[in-house]
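Single-letter residue listing:
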Amino acid sequence: MANNKIPVLISGNGASGELMAAALAQSGVPCRILAPDVPEMPISQARTIAIWRGGLEYLEEIFTTQDFLADGYPIRAMSLIDEKAEETVYLPEDIDLTDEYFGYNLNLQALTKRARDHNLASGLVTYYPSRAECWISGGTLRSEDAKTHEAELIIVAEGKDSSTATQAGIAPLRYQTGTVAVIAVVQHEVPHEGFAREYHRPPGPLAFVPLDEYHSSIVWIHHDTEATRALLADEELLLQKLNADSLDQLEITALTEPAVIIPLASRQSLTFRGARMALIGESAHKMPPTGAQGLNLTLRDIATLQKLLVSAYQQGHDVGSAELLRNYSANRMKDSLAISSAVHLGNASIRLGGPFGWLRRTLQQRLMPQFPTLQQSLIRHALYGF
Ligand SMILES: Cc1cc2nc3c(=O)[nH]c(=O)nc-3n(C[C@H](O)[C@H](O)[C@H](O)COP(=O)(O)OP(=O)(O)OC[C@H]3O[C@@H](n4cnc5c(N)ncnc54)[C@H](O)[C@@H]3O)c2cc1C
């Protein structure tokens with residue numbers, strides 16, 4: 001290894017990049033993060049994220065999670081309501097989980113900050129305050145301040161439109177543009193009792209994830225941006241629609257912060273590797289937020305890469321070898337394709353209705369209950385998956 005060559009360079013400091021570095025630091029592998037800016041993050045209540053049990057247990061292996069779990073909210077049951085208003089409720093025991101919760105609804109910024117604090121304290125993670133500008137060749141790139149970085153392995157964690165992956169010739173499939181998500185925190189009269197609820201009804205899925213007893217964060221998918229903007233401009237109408245589409249089950253009375261619209265775009269990379277390059281997080285897979293799978297899937301990217309990398313590093317082997325990266329990519333492709341297909345199929349069946357809706361209802365309500373082991377293992381994989 002040349003003197004200035006480092007084992008691992010991580011490009012991107014969102015949740016994926018910070019958590020990847022934390023996992024490596026925990027196992028004694030040094031790395032550098034290219035971090036465009038490290039702002040003092042405002043902790044907004046609205047941007048919460050459901051992390052399922054498998055993900056929580058993995059996080060606990062990296063750093064203690066007690067502090068932010070204490071500020072999070074347990075998800076004790078899940079309810080899926082279809083367009084015919086038929087409800088299917090799942091409890092942890094339905095899929096053989098011994099604890100009484102499926103996962104926690106956590107603040108995304110708090111989780112990312114927890115990883116960063118761990119990294120700063122570890123002495124093994126250094127932050128380089130610039131962005132990757134130009135990929136030069138396997139293991140080498142230049143940052144915006146004209147510095148050349150050489151690493152055995154570059155981990156790309158640049159979010160959904162990674163310039164480094166594109167320059168290295170890795171172009172993801174792109175689809176579902178023109179779709180938006182309304183994100184808000186709502187107050188309701190009926191306590192949620194720890195239920196995460198997903199209403200699979202037109203115009204698109206409406207998900208409630210528990211906060212404290214009388215508040216939930218919502219993600220509501222729409223396919224007409226202008227109509228959605230108009231809806232958000234009229235809070236009374238918005239509350240009416242929210243109550244109607246959630247079958248008046250929670251009796252929503254107010255938004256605690258103004259609702260925001262964010263554009264949604266889906267990406268699926270058909271490989272998770274390049275020359276001395278591994279893709280993680282949204283640089284590899286970006287999907288609609290229904291089912292709360294994005295970061296959970298990323299945690300499995302991180303766990304897989306950590307295991308391969310740590311083993312190579314400890315034995316003094318090349319951490320960016322083609323063989324290691326082939327293993328990583330093959331492992332992650334299957335999981336990522338399975339999860340993103342399930343999420344997209346679920347969404348398409350609402351939007352397109354007809355035979356798709358019939359197929360989903362039949363699978364969900366008629367066939368799956370006949371095969372409890374299959375049902376359990378599918379849900380276990382989506383929620384547990386490690
Ligand atoms: C509304 C909503 C709800 C969600 N809910 C859930 C949920 O409940 N459960 C779940 O598991 N997932 C959920 N997700 C998905 C989850 O939020 C994302 O998967 C995750 O936050 C993506 O993190 P990331 O680090 O991969 O990407 P990003 O957050 O986009 O971070 C990428 C980082 O890379 C930096 N960067 C970009 N280009 C460069 C460059 N050239 N050089 C250096 N740095 C660069 C960027 O500045 C950014 O900091 C949700 C998503 C949405 C939109």
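Now for a quick tour of the structure. Small disclaimer: the values here were computed from a predicted structure and weren't measured.

**Here we look at the side chain of Asn296**
By secondary structure assignment, the location of Asn296 is in helix H8 (residues 294-314). Note on Asn296: relative accessible area 3%, which makes it buried. From its side chain, Asn296 meets the backbone oxygen of Ala292 in a polar contact 3.1 Å long. Excluding anything up to four places from it in sequence, Asn296 contacts Ala50, Ile51 and Trp52.

**Some words on the site of the ligand**
By nearness alone, 28 residues border the ligand, and Ser16, Ala50, Ala132, Leu295 and Asn296 come closest of all. Between an oxygen atom of the ligand and a side-chain N or O atom of Ser16, the distance comes to 2.6 Å. Taking Ala157, its main chain carries an N or O atom lying 3.4 Å from an oxygen atom of the ligand. If the ligand stood free it would expose 1,000 Å²; the protein chains cover 84% of that surface. Listed by contribution, the elements that provide at least two residues to the shell around the ligand are helix H1 (15-26), strand E3 (48-52) and H8.

**Considerations on the packing of H1 against helix H2 (residues 53-62)**
Packing of H1 against H2 brings their axes to within 9 Å, and their N-to-C directions diverge by 50°. Relative to H2, the element H1 is oriented oblique. Within the contact between the two elements, H1 uses Leu19, Ala22, Ala23 and Gln26 and H2 uses Tyr58, Leu59, Glu61 and Ile62. When grouped by side-chain class, the residues that make up the contact of H1 with H2 number six nonpolar, one polar and one charged.

**Focus on the packing of aromatic side chains**
Following the criterion strictly, the structure yields four aromatic pairs and no others. Look at Phe272 and Tyr328: their rings are 6.2 Å apart centre to centre, the planes differ by 65°, and that puts the pair in the edge-to-face class. Placement of the pair is Phe272 in the loop between strand E17 (260-268) and strand E18 (273-274) and Tyr328 in helix H9 (residues 322-352), with a sequence separation of 56 residues. Looking at Phe272, the relative accessible area reads 0%, which means it is buried. Here Tyr328 falls in the buried class, since its relative accessible area comes to 0%. For the cation-ring pair, Arg53 lies above Tyr101, with the distance from its terminal atom to the ring centre recorded as 5.4 Å.

**Things to note about the nonpolar core**
Most often, soluble globular proteins keep nonpolar side chains buried together rather than apart. Counting 63 residues, the largest nonpolar core has Val8, Ile10, Leu19, Leu24, Phe63, Ile155 and Leu305 as the members making the most contacts within it. When sequence neighbours within four positions are dropped, the list of residues in contact with Ile10 reads Gly17, Met20, Ala21, Leu24, Cys31, Arg32, Ile33, Leu34, Ile155 and Ala157. Listed in part, the 17 residues of the second largest apolar core include Ile81, Leu231, Leu242 and Leu250.

**Observations concerning H8**
Every α-helix winds through 3.6 residues per turn, so residues three or four apart in the chain are directed the same way. Across its 21 residues, H8 extends 30 Å between first and last C-alpha, which sits within 8% of the 30 Å expected from 1.5 Å per residue. Most of H8 sits out of view: 15 of its 21 residues are buried. The positive-phi residue at the C-terminal boundary of H8 is Gly316, with phi of around 75°.

**Considering empty space enclosed by the protein**
Counted under the stated rule, the structure contains one cavity of 30 Å³ or more. When its volume is computed, the largest cavity comes out at roughly 70 Å³. Taken together, Lys160, Asp161, Ser162, Ala165, Thr166, Ile170, Pro172, Arg174, Ser269, Leu279 and Ser283 make up the full set of residues lining the largest cavity. Taken together, the residues that form the lining of the largest cavity break down as four nonpolar, four polar and three charged.

**Considerations on the pattern of salt bridges**
As enumerated under the stated definition, the model contains 16 salt bridges in all. Of the charged contacts, one joins Asp161 and Arg267 as a salt bridge, the two residues approaching to 2.9 Å between their closest N and O atoms. Residue Asp161 is located in the loop between strand E11 (148-156) and helix H5 (163-167), and its partner Arg267 is located in strand E17; the two are separated by 106 residues in the primary sequence. With relative accessibility at 38%, the residue Asp161 sits in the partly exposed group.

**Let's talk about helix H4 (residues 108-122)**
Here H4 contains 15 residues, and its C-alpha end-to-end distance of 21 Å stays within 8% of the 21 Å for a straight helix at 1.5 Å per residue. Among the residues of H4, those classed as buried are Leu108, Gln109, Leu111, Thr112, Arg114, Ala115, Arg116, His118 and Asn119. Between the side-chain oxygen at the start of H4 and the backbone nitrogen of Gln109 there is a gap of 2.9 Å, and the oxygen is on Asn107. The first or second residue beyond H4 is Gly123, which carries a positive phi of 75°.

Rules used in this analysis
Residues numbered from 1 in each chain as written. Predicted model: local features only at pLDDT ≥ 70, side-chain atom pairs only at ≥ 80, totals over all residues. Heavy atoms only, no water. Helix = DSSP H or I, 4+ residues; strand = E, 2+ residues; numbered from the N terminus. Buried < 20%, exposed > 50% of the residue type's maximum accessible area, 1.4 Å probe, protein only. Polar contact = N/O pair within 3.5 Å; in protein donor to acceptor, adjacent residues only side chain to side chain. Contact = heavy atoms within 4.5 Å. Near = heavy atom within 4 Å. Areas by Shrake-Rupley, 256 points an atom, 1.4 Å probe, with all protein chains shown as cover. Axes fitted to C-alpha atoms, helices over the stretch in contact; angles between N-to-C directions. Parallel < 35°, antiparallel > 145°, perpendicular 65-115°, else oblique. Nonpolar A, V, L, I, M, F, W, Y, C, P; charged D, E, K, R; others polar. Phe/Tyr/Trp six-rings, centres within 6.5 Å; stacked < 30°, edge-to-face > 60°. Lys NZ or Arg CZ within 6 Å of the ring centre and 35° of its normal. Core = buried A, V, L, I, M, F, W, Y, C linked by side-chain atoms within 4.5 Å. Expected span 1.5 Å × (residues − 1). 1 Å grid on protein atoms, 1.4 Å probe; cavity = no way out; pocket = protein on both sides within 12 Å on 5 of 7 lines; lining within 4 Å. Points joined across faces, edges and corners; volume = space filled by probe spheres on them. Salt bridge = Lys/Arg side-chain N within 4 Å of Asp/Glu carboxyl O.

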